[in-house]
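One-letter residues, chain by chain:
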Amino acid sequence: VSRPRPLLAVAMLALNDHVLKGAGVLPGWLTGKLSDVAGLYFFPLLLLSLVEGSRALFAARPLPASSRRRLALGLAVATAGAFVAVKLDPSANDLYAALLGPTAMDTTDLVALPAALLGLREVGRGHVAGDHESPEKSAKVPASVPAAVLPRWAQALVVVLAALASLATSAPRMTRNFPAWGVTSETSATMACASVEAWVSKSGKEGFGLTLKVQNTTERPCPVELVEARFAVDALQIPASPLPGPLPLGPYQVDYVYLPFVFDNEALWNAGERAGALALGFRVEGRALPPWELRLTHAIDGFHTDRVRQR
Amino acid sequence: MRMPRSTSLVLACALAALLSAGCAHRHFDRNAPGIVDVRTPPASLPSRAVVTPTDPGEQMLVLAAGPMAGLGMLKRRLDGSTHLTGALALEGSIFYGRSERSHNGDDFVVYPSGSVGLNLGLSGLTNRDQAKGLLYAEGQYAAGLLGAAGGWAWDPWARSNGPQGTLFVGPLYGRVSYLVRDRSELTFGLFFKFHDVMVWSQ
């Protein structure tokens, strides 16, 4: 791992995941592929380093070169196999997401697979003559093969950093969720010559805001006035303030109205009050209509939003 | 890339410490609503999307426990002799902290950016002839990976006690104990605490 090419791969992975992704410098498909190529290139080498490091704790002699090559090949194949499974199989992808965070199931990512085998070339370069095999065999290692380029303490540090780089993810994919009030009853109603649609636009610690789309559905003028907007939850009666003025809607004209309901929403949330009723009273063409009653609930859809799966 | 045993040991310890920092966390939905000005309309009224609130940050209560292992020196006050020593400790901690930014679901470490708490521990020394160990209690303040703790240590075998201070950076710590009329200890090492983090919103 501490040789120049694997180091370059680690650096590329870190740069790509933490700087380039989402920065708009490179297209998303390219940053995704760069991470896959860099990861597949160095991850088998990282595993090999960890296996060798662990083995050195218990075994007096290092692995012979032939065993080391077989082990490296096995780790590369296993890495490639796991990569294919994560990219193609939903259950493997779910397992990966649970352990290390979400990753996209994109079959075009499989073009990065050869990188796992390219990393194997570093295994041969990692040998220092006389290190592993019998004198006859080690003598066959060309003298020009360079020894490790870093001191051993730095190699250990690189392995730790590489492990972190491979565990770390890019700009956050699982962002925090917040609860929001939402209309759970019918969201639209007909009010004589007008139709009204309602949805929650804002919801936070200080209450929520409701937007109304009001449309004249006729060819004649349709004056609409909201005369009452009251939200009832627990023992509280919360009026919208301020109420909008009259809407003199022309033929088929559409207008939008925003109604803020200001109250201690956090206290209600903490008290477990998660359902309320909203009454909207309209006067249309000068005639007061029965109030339109909507049911609202305050809910949170999990603690985090997976932006990858959302896409 | 063959590593000597000492390097491998350091590597294994470092990895274990890093893994121990990857802690379990549980969410509580208290104070969950975000910060949004509901008095003003959204930028686009026709949009059906709910405006994403500003992150209020998080609070955390952390329970941590695990072994600490270190090497250092012990100086006996009686005869002025100095001894190399190894120390093993079992420490439990409870601390409360806040983070200005809420953690994300894929964060590797869920930990408060600033915290205060209490450490209780029992340490044992390897040099049986010179000292056996200490019971201690410390108050702790941490900012990110850096922290300091100070408190009092008791040696029930030597019937001595005195102040103790600890500095730590991530899983590395340095600790000094000054036992009046008996000895001073200075140790450096690693701790491997498992963290159980309870998270809720600010």
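Residues numbered from 1 in each chain as written. Chains lettered and ligands numbered in written order. Predicted model: local features only at pLDDT ≥ 70, side-chain atom pairs only at ≥ 80, totals over all residues. Heavy atoms only, no water.

Engineer: Could you give me a rundown of helix α3 (residues 65–88) of chain A, with the residues and numbers involved?
Structural biologist: The end-to-end C-alpha distance of α3 of chain A, which contains 24 residues, comes to 34 Å, matching closely the 34 Å that a straight helix rising 1.5 Å per residue would cover. Residues Ala-65, Arg-68, Ala-72, Leu-75, Ala-76, Thr-79, Ala-80, Phe-83, Val-86 and Lys-87 of chain A constitute the buried set of α3 of chain A. (Helix = DSSP H or I, 4+ residues; strand = E, 2+ residues; numbered from the N terminus. Expected span 1.5 Å × (residues − 1). Buried < 20%, exposed > 50% of the residue type's maximum accessible area, 1.4 Å probe, protein only.)

Engineer: I'd like a description of the state of the cysteines, backed by residues and values.
Structural biologist: Each disulfide is one covalent bond, formed between the sulfur atoms of two cysteines. All names here are of chain A. The tally for this structure, following the rule as stated, stands at 1 disulfide over all chains. In this model Cys-193 forms its disulfide with Cys-222; the gap between the sulfur atoms is 1.8 Å. The S-S bond linking Cys-193 to Cys-222 shows a torsion near 80°; that makes this disulfide right-handed. With Cys-193 in the loop between β3 (188–191) and β4 (194–204) and Cys-222 in strand β6 (residues 222–233), the pair connects residues that are 29 residues apart, well separated along the chain. You can call Cys-193 buried: its relative accessible area is 1%. Relative accessible area serves as the criterion here: at 0%, Cys-222 is assigned to the buried category. (Disulfide = S-S within 2.5 Å.)

Engineer: Report on empty space enclosed by the protein, specifying residues and quantitative values.
Structural biologist: Going through the model one piece at a time under the given rule, you end up with 3 cavities of 30 Å³ or more. Taken as a whole, the largest cavity spans an internal volume of roughly 130 Å³. Along its surface, the largest cavity is lined by 15 residues, and Arg-176 and Phe-303 of chain A together with His-27, Phe-28 and Glu-58 of chain B are the ones closest to its centre. Of the residues in the lining of the largest cavity, the class split is 6 nonpolar, 5 polar and 4 charged. There is about 90 Å³ of room inside the second largest cavity. In terms of lining, the second largest cavity is formed by 14 residues, of which the most central are Ala-87, Ser-123, Arg-175, Glu-185 and Thr-187 of chain B. For the lining of the second largest cavity, the elements supplying multiple residues, two or more each, are β3 (82–99), β4 (114–125), β5 (133–143), β8 (172–179) and β9 (183–191) of chain B. Take the lining of the second largest cavity: its biggest share by element is 4 residues, from β8 of chain B. For the lining of the second largest cavity, the class distribution of residues is 8 nonpolar, 4 polar and 2 charged. (1 Å grid on protein atoms, 1.4 Å probe; cavity = no way out; pocket = protein on both sides within 12 Å on 5 of 7 lines; lining within 4 Å. Points joined across faces, edges and corners; volume = space filled by probe spheres on them. Nonpolar A, V, L, I, M, F, W, Y, C, P; charged D, E, K, R; others polar.)

Engineer: Before we move on, could you go through the pattern of salt bridges and cite the residues and values that matter?
Structural biologist: Counted under the stated rule, the structure contains 17 salt bridges over all chains. Where Lys-205 of chain A meets Glu-266 of chain A, a salt bridge forms, and the shortest distance between an N and an O atom there is 2.3 Å. Within this pair, whereas Lys-205 of chain A is found in the loop between β4 and β5 (207–216), its partner Glu-266 of chain A is found in helix α9 (residues 265–270), the two being separated by 61 residues in sequence. The exposure classification of Lys-205 of chain A matches that of Glu-266 of chain A, with both residues buried. A salt bridge links Arg-39 of chain B to Glu-206 of chain A; its shortest N-O distance comes to 3.3 Å. Pair noted here: Arg-39 of chain B is in the loop between β1 (24–27) and β2 (58–76) and Glu-206 of chain A is in the loop between β4 and β5, and the two residues belong to different chains. According to the relative accessible area criterion, Arg-39 of chain B is partly exposed, its value standing at 49%. Here the residues in one salt-bridge network are Arg-76, Asp-155, Asp-182, Arg-183 and Glu-185 of chain B, joined through shared partners. (Salt bridge = Lys/Arg side-chain N within 4 Å of Asp/Glu carboxyl O.)

Engineer: Please set out the packing of aromatic side chains residue by residue, giving values where relevant.
Structural biologist: All names here are of chain A. Scanning the model with the defined rule gives 11 aromatic pairs over all chains in all. Ring centres 5.9 Å apart and planes at 40° place the aromatic pair Trp-181 and Phe-208 in the tilted group. Of this pair, Trp-181 sits in strand β2 (residues 180–183) while Phe-208 sits in strand β5, and the two are 27 residues apart along the sequence. Judged on exposure class, the residue Trp-181 and its partner Phe-208 are both buried. Both rings, one in Phe-208 and one in Phe-263, keep their centres 6.0 Å apart while their planes meet at 80°; by these two values the pair is edge-to-face. Taken together, the residues span a long stretch of sequence, with Phe-208 in strand β5 and Phe-263 in the loop between β9 (254–262) and α9 at a distance of 55 residues. By the ring-pair criterion, three or more aromatic residues cluster together here, those being Trp-181, Phe-208, Phe-231, Phe-261 and Phe-263. (Phe/Tyr/Trp six-rings, centres within 6.5 Å; stacked < 30°, edge-to-face > 60°.)

Engineer: Explain unusual backbone geometry to me, using residue names and the numbers behind them.
Structural biologist: Each neighbour pair has its own omega, and for Ser-241 of chain A with Pro-242 of chain A the value is 0°, a cis peptide bond. Looking at the element boundaries, Pro-242 of chain A is found in the loop between β7 (236–239) and β8 (247–249). Of note in the backbone geometry, Asp-234 of chain A takes a positive phi value of approximately 55° without being a glycine. You can see Asp-234 of chain A is positioned in the loop between β6 and β7. You can call Asp-234 of chain A exposed: its relative accessible area is 58%. Of note in this structure, Arg-181 of chain B is not a glycine but carries a positive phi near 65°. Tracing the sequence through the fold places Arg-181 of chain B in the loop between β8 and β9. Under the relative-accessibility criterion, Arg-181 of chain B is labelled exposed at 72%.

Purely spatial values, then, with no claim about function.
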